[in-house]
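# Chains, contacts and geometry: an overview
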Amino acid sequence: MTDTTSGRRGARGFPSRERGRERDVRGTGAVRRYGDGAARGRGAALSRGARGRRGVVALLVLAVLGGCTSGSKGDPPGNAGPGSPSASPAPSASPSPELPRALTGQKLAWKKCGATEGYAAPGREWRCAQLTVPVDWAKPTGETLRMAVIRGAATGERRGSLVFNFGGPGGSGVSLLPLFAPGYGTLHRAYDLVSFDPRGVGGSARVDCRDDAAVARAERTVDLTPDTPAEERAFLADASAFGKSCARATGALLPELTTANTARDLDLLRTVLGEAKLDYFGVSYGTELGGTYAHLFPRHVGRMVLDAVVDPAAGTVEHAKGQARGFQRALNAYFRSLDEDPKAGTAKVAALLKDLDAHPLPAGKGRELTESLAVTGLVSPLYSEGSWPQLTRALDAAGAGDGGPLLALADSYNDRTPDGHYGKQAQAQRAISCADDSTRPTAAQARARLAEFRAISPVFGPFLGWDTAGWCHDWPTKGDRTTPEVSAPGAPPILVVGNTGDPATPFEGAARMAGELGKGVGVELIWHGEGHGAYGSGSECVDGAVDAYLLRGNVPRAGKECR
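Thresholds applied
Residues numbered from 1 in each chain as written. Predicted model: local features only at pLDDT ≥ 70, side-chain atom pairs only at ≥ 80, totals over all residues. Heavy atoms only, no water. Phe/Tyr/Trp six-rings, centres within 6.5 Å; stacked < 30°, edge-to-face > 60°. Helix = DSSP H or I, 4+ residues; strand = E, 2+ residues; numbered from the N terminus. Buried < 20%, exposed > 50% of the residue type's maximum accessible area, 1.4 Å probe, protein only. Axes fitted to C-alpha atoms, helices over the stretch in contact; angles between N-to-C directions. Parallel < 35°, antiparallel > 145°, perpendicular 65-115°, else oblique. Left-handed = near helix turned anticlockwise from the far one by under 90°. Contact = heavy atoms within 4.5 Å. Nonpolar A, V, L, I, M, F, W, Y, C, P; charged D, E, K, R; others polar. Pairing = 2+ DSSP bridges. Salt bridge = Lys/Arg side-chain N within 4 Å of Asp/Glu carboxyl O. Core = buried A, V, L, I, M, F, W, Y, C linked by side-chain atoms within 4.5 Å. Disulfide = S-S within 2.5 Å. pLDDT = per-residue confidence, 0-100. Polar contact = N/O pair within 3.5 Å; in protein donor to acceptor, adjacent residues only side chain to side chain. Right-handed = clockwise from strand over helix to strand, strands pointing away.

In the structure shown here, the tally under the stated rule is 16 aromatic pairs. Measuring from centroid to centroid gives 4.7 Å for F164 and Y184, while their planes differ by 55°, and the two rings are tilted. Here the residue F164 occupies a position in strand β4 (residues 160-165), and Y184 occupies one in the loop between α3 (173-180) and α4 (185-190), the gap between them amounting to 20 residues. Each member of the pair, F164 as well as Y184, is classed as buried. Through successive ring pairs, a cluster of aromatic residues spans F164, F166, F180, Y184, F281 and Y535.

Shown next, in the form of structure tokens:
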């Protein structure tokens, strides 16, 4: 499902949100949602969750398409594919001799961090800086942009830097790392914890395609599952208008917002940090970024963890089907937890959505709960088992004629504050996804597949089916590739963590990622749990295996299962 009104989607579909996890923030007992006024309020103290990729509202974490070595522009200097001299250099802190010294010789000017959108300034233990990167990596001496970076020094004996990406695409690492750091305390003792705002996000030339009034207007008027020719025209016209607005606001940067380019930025960051190898923790969309990095720079990979894994083999349509299955599985598990038959429960929810399509519910303050917003509200608590009671309260209220609680869940997911301000991650997420994905299914093709999508999930299928056509409809630039290339011959073992109950990045993607990374490279760890992501979700087995790998280099047996 795409919230075309704001531009939200998880790398094709529901975001793997690492941004608003509704479970304990990595075991600290502090639950914060990315969209909550408490967490985002002006001057509020920092106390999300994939993708996602994203508590997830990704939950925020999903995403999808990584970068190929051979895009429309070919391989930029120093970033060629496997087999070229610059693809697999000897381990060093330099990405390539072809890059100008002005880039590789930068010295980061660390200083106290300021507040970011929706977040107060973090504590003094955090330091921020800006890294200069090329706008177009095919022209490394051309225009540049500043990439925002954050670091918290190791609290014990230092091993090096551990770089995080929490998902989206579009999640701000500068904002999220201080929030999530308490849950990475064991790793923080040995590592400087580092994150960044990817190009087009937050403090790194942020994408800003639509103002609050335009987002709210589209939210009220655009049906994300059009039933009539008029609704379909409005749906596609809104998608087209959004793309044109992005092109006007973003200019030459728009086609450069690819995951492959962000991976190249990441390698420059590794160089400037003085690290010979990249130690990396990617969640949800961050797994796609990590896999893309491993493909482009296999000899620069150190210890890499990919949690809540995006399926690198799934194209636009298969990805949407996978998410429909994933969220339906989560909905089924939710109903089973209530001792209710999942089929009957799903039928009731589908009937509610049908009623809302014709008759939206009042939700307070002059607002209404529409069918589209209701689906968004349903998705939000399914990212985390701990949020299921919220879903129960919201469904009970809707059944009694009050759309307010379900709308509040949708607002949180959509980064809407009580005063009507919408965050920009959704817009960055869409711009990055469409810069990546060259697939452009038509409305006719989406319509022809609706029966198949409904059979997978009567609740989520129609939204995700239409999303395949609406997300990048009439996008002003061509996408980089159809699916991300993640093969990484020559890389050391990479730990790939899959969760059997993950709704946003379904479990099957972990095995496919491990396989596509290559024999002896991808090592799958399986957790039989619920929610988006595995690390920090209460499994000592998962946390222990990940910590042992990152801290001591202990690679678990491939296929190890944690229950």
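Next comes the rest of the account.
With their axes 8 Å apart at the nearest point, helix α15 (residues 443-456) and helix α16 (residues 461-470) run at an angle of 160° to one another. One element, α15, and the other, α16, form an angle in the roughly antiparallel class. You can see that α15 and α16 cross each other, and the crossing is right-handed. Taking contact as the criterion, the partners of A443, A446, R447, L450, F453 and R454 in α15 are, on α16, G461, P462, L464, G465, W466, T468 and A469. In terms of residue class, the contact of α15 with α16 is built from eight nonpolar, three polar and two charged.

Spatial strand order, β1-β2-β3-β5-β4-β6-β7-β10-β11-β12: 10 strands in an open sheet with mixed pairing. Edge positions in the sheet fall to β1 (111-112) and β12 (560-562), since each has one partner strand and no second. In the sheet, β4 pairs with strand β6 (residues 278-283) via four bridges, with the strands oriented parallel. In the sheet register, V163 faces β6, and the bridge partner there is Y280. Contacts from helix α17 (residues 508-517) reach β7 (301-307), β10 (494-501) and β11 (522-530) within the one sheet, and its direction differs from that of β10 by about 160°.

Quick look at α3 now. Where burial is concerned, most of α3 is hidden: eight out of the eight residues are buried. For α3, the full list of buried residues reads G173, V174, S175, L176, L177, P178, L179 and F180. Buried positions along α3 lie against β2 (126-134), β3 (144-152), β4 and β5 (191-196).

Before going further, it helps to spend a moment on the pattern of salt bridges. Tallied over the entire structure, the rule returns 22 salt bridges. A salt bridge links E117 to R206; the shortest N-O distance between them is 3.3 Å. Within this pair, whereas E117 is found in the loop between β1 and β2, its partner R206 is found in the loop between β5 and α5 (212-221), the two being separated by 89 residues in sequence. Among the residues examined, E117 registers a relative accessible area of 30% and is labelled partly exposed.

Moving on: the nonpolar core. Residues L269 and L517 are the most contacted members of the largest nonpolar core, which totals 59 residues. Ranked by residues supplied to this core, first place goes to helix α7 (residues 259-273) with seven residues. Discounting residues that sit within four places of it in the chain, L517 has contacts with G291, A294, L306, V486, S487, A488, P489, I494, V496 and G522.

By definition, a disulfide links the sulfur atoms of two cysteine residues through a covalent bond. Applying the stated criterion across every chain yields a total of four disulfides. Disulfide pairing is shown between C434 and C472; the S-S distance is 2.1 Å. What sets the handedness of the C434 and C472 disulfide is the S-S torsion sign, and at about -95° it is left-handed. Within this pair, whereas C434 is found in helix α14 (residues 425-436), its partner C472 is found in the loop between α16 and β10, the two being separated by 38 residues in sequence.

All right, on to the confidence of the model for the protein chain then. On average, the protein chain scores 86 in pLDDT, and the residues at 70 or more come to 83%. This model gives residues 15-94 a pLDDT under 50, and the stretch forms 414 contacts once residues within four places in sequence are excluded.

Note on placement: H532 falls in the loop between β11 and α18 (540-552). Since its relative accessible area comes to 0%, H532 is described here as buried. Within the structure, the side chain of H532 is placed 3.0 Å from the side chain of S284, a separation counted as a polar contact.

Negative phi values dominate among residues other than glycine, just as trans dominates among peptide bonds. Residue P169 is reached from G168 by a cis peptide bond, and omega for that bond is 0°. Residue position: P169 is located in the loop between β4 and α3. With phi around 60°, D339 is a residue other than glycine that occupies positive phi space. For D339, the location among the structural elements is in the loop between α9 (316-337) and α10 (342-358). Phi at D474 is positive, roughly 55°, even though this residue is not glycine. Mapped onto the secondary structure, D474 falls in the loop between α16 and β10.

Glancing now at the pairing of β10. A large share of β10 lies buried, amounting to seven of its eight residues. Inspection of the sheet shows β7 paired to β10 by three bridges, in the parallel sense. What sits directly across from V305, in β10, is L495. Direction of pairing for β10 relative to β11: parallel, over a ladder of seven bridges. Within the sheet, the bridge partner assigned to N499 lies in β11 and is W527. Handedness of the crossover is the feature at issue here: the chain leaves β10, passes through α17, returns alongside β11, and the resulting connection is right-handed.

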